[in-house]
Amino acid sequence: MQYQQILNEINQELKVYERLGEIANYIPELANVNPDKFGVHLSHIDGGNYSLGDSKEKFSIQSISKVLSLTLGLSLVGDSIWNRVDVEPSGNPFNSLQQLEFENGIPRNPLINPGALVMADILITNLENPKEDFLKFVRKIAGNDLIDFNHKVAHSEAKWGFRNGALANLMKSFENIKNDVNEVLDFYFHQCSIEMTCQELSKTFLLFTNHGKIPETGETILSSSQAKRVNAIMATCGFYDEAGEFSFKVGLPGKSGVGGGIVAVLPKKYAVAVWSPRLNEKGNSYLGMEVLEMLTTKTGWSIF
Ligand code: GLU
């Protein structure tokens, strides 16, 4: 497959879509990013690398980190996490409180905010130095010791994180948060503040292309059955209340974040990351969705 040629064609055809969408501004520090940044990197499992634009510039991965905390949670405590978080698409915005109240404090899935807060709580219970140990885990999968939190972004979010505070407190009232609410929020805001380039992000997600094994080292992080589950949750729940639309248009498991990143996986072949900070009304990168739709259309490959 001529991936670089396909990416170049996409770049040409994309011009018409430029400048649509709005940058996330509810986390003030994210609003400082140049909205016209645009990068793509495709990491192939056979070692091939293909890219466009600002693919070597770091951005805030935000909710994409929820896949990594789910992975660490699954690898540490296994299936018992499903007693505290469900695996159904929510059909609601990522920070919605309504459904959580009706459903007695059990989040619909681990990729919306309440689900990620429960995962943060599970990790705090099971790790000695939660934030440091999580970062070590991400660095291991990424094969890169320079991956780090952006403390400014974490503090900016903490200052304005009233809805996340409400979600964590609501779940605490249902006894689905075991640790101190402030500690859980602090962990969550830091995990969301992790920065990666498109190149680093796509390499990290080769884990899910490769059935739970890090391709570079051969280390098993998840069993192939667990990796299948993470991919299934990405495919059904990875795009807020636009997961159906993403599946319909792109047909790959993936996850987006309000920093404008999207990462998607074609099992056994590649992981691809796109970054463009302008978001559509559902909070997904406008250009990111377009690029990935074009990629699966032009290659003729998706999970379907
Ligand atoms: N840290 C963001 C929040 O909790 C993540 C949102 C996202 O990327 O979906 O609002």
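These remarks concern the structure in this document.

## Side note on the sheet that holds strand E5 (residues 254–256)
Part 1 of the reasoning: Strand order in the open sheet formed by five strands is E2-E1-E7-E6-E5, and the pairing between neighbours is antiparallel. Among the strands making up the open sheet, the edge pair consists of strand E2 (49–53) and E5. Between one strand and the next, the sheet's axes are offset by a mean angle of 5°, whatever the strand orientation.

## Thoughts on the environment of Ser43
Part 1 of the reasoning: Positionally, Ser43 belongs in strand E1 (residues 39–44).
Part 2 of the reasoning: Residues Ser43 and Ala271, spaced 228 residues apart in sequence, show a C-alpha to C-alpha distance of 5.5 Å.
Part 3 of the reasoning: Sequence-distant contacts of Ser43, defined by excluding residues within four places in its chain, comprise Gly48, Asn49, Gln199, Ser202, Lys203, Leu206, Lys269, Tyr270 and Ala271.

## Describing the environment of Asn8
Part 1 of the reasoning: Structurally, the position occupied by Asn8 is in helix H1 (residues 3–14).
Part 2 of the reasoning: Take Asn8: its relative accessible area is 37%, and that puts it in the partly exposed class.
Part 3 of the reasoning: Considered as a pair, Asn8 and Ser51 are 43 residues apart in the sequence and their alpha carbons are 8.8 Å apart.

## Things to note about the layout of surface pockets
Part 1 of the reasoning: Here the largest pocket defines a volume of roughly 270 Å³.
Part 2 of the reasoning: Lining the largest pocket are 18 residues, with Ser43, Asn49, Lys203, Leu206 and Glu216 positioned closest to its centre.
Part 3 of the reasoning: Of all the elements in the fold, those that place two or more residues in the lining of the largest pocket are E1, helix H5 (130–142) and helix H9 (198–204).

## A closer look at the pattern of salt bridges
Part 1 of the reasoning: One pass over the structure, following the stated rule, counts 15 salt bridges.
Part 2 of the reasoning: The closest approach of N and O atoms between Arg84 and Asp121, which form a salt bridge, is 2.7 Å. Of this pair, Arg84 sits in the loop between helix H2 (65–77) and helix H3 (98–102) while Asp121 sits in helix H4 (residues 113–126), placing them 37 residues apart in sequence. By the burial criterion, Arg84 is buried, and Asp121 matches it.

## So, unusual backbone geometry
Part 1 of the reasoning: Look at Gln62: it is not a glycine, yet its phi comes out positive at around 45°.
Part 2 of the reasoning: Structurally, the position occupied by Gln62 is in the loop between strand E3 (59–60) and H2.

## Overview of the site of the ligand
Part 1 of the reasoning: All residues in the neighbourhood of the ligand are listed as Tyr26, Gln62, Ser63, Phe94, Asn113, Glu157, Asn164, Tyr188, Cys192, Tyr240, Gly257 and Val258.
Part 2 of the reasoning: In this structure, an oxygen atom belonging to the ligand sits 2.6 Å away from a side-chain N or O atom of Ser63.
Part 3 of the reasoning: A distance of 2.8 Å separates an oxygen atom of the ligand from a polar backbone atom of Val258.
Part 4 of the reasoning: For the shell around the ligand, a count of residues per class yields six nonpolar, five polar and one charged.

## Let's talk about H5
Part 1 of the reasoning: In a regular helix each residue adds 1.5 Å, so 13 residues correspond to 18 Å; H5 covers 18 Å between its end C-alpha atoms and thus fits that length.
Part 2 of the reasoning: Along H5, the residues that are buried comprise Pro130, Asp133, Phe134, Leu135, Phe137, Val138, Ile141 and Ala142.
Part 3 of the reasoning: Buried positions along H5 lie against H2, H4, helix H8 (181–192), strand E4 (195–196), H9 and helix H10 (206–209).

Procedures and definitions
Residues numbered from 1 in each chain as written. Predicted model: local features only at pLDDT ≥ 70, side-chain atom pairs only at ≥ 80, totals over all residues. Heavy atoms only, no water. Pairing = 2+ DSSP bridges. Helix = DSSP H or I, 4+ residues; strand = E, 2+ residues; numbered from the N terminus. Axes fitted to C-alpha atoms, helices over the stretch in contact; angles between N-to-C directions. Contact = heavy atoms within 4.5 Å. Buried < 20%, exposed > 50% of the residue type's maximum accessible area, 1.4 Å probe, protein only. 1 Å grid on protein atoms, 1.4 Å probe; cavity = no way out; pocket = protein on both sides within 12 Å on 5 of 7 lines; lining within 4 Å. Points joined across faces, edges and corners; volume = space filled by probe spheres on them. Salt bridge = Lys/Arg side-chain N within 4 Å of Asp/Glu carboxyl O. Near = heavy atom within 4 Å. Polar contact = N/O pair within 3.5 Å; in protein donor to acceptor, adjacent residues only side chain to side chain. Nonpolar A, V, L, I, M, F, W, Y, C, P; charged D, E, K, R; others polar. Expected span 1.5 Å × (residues − 1).

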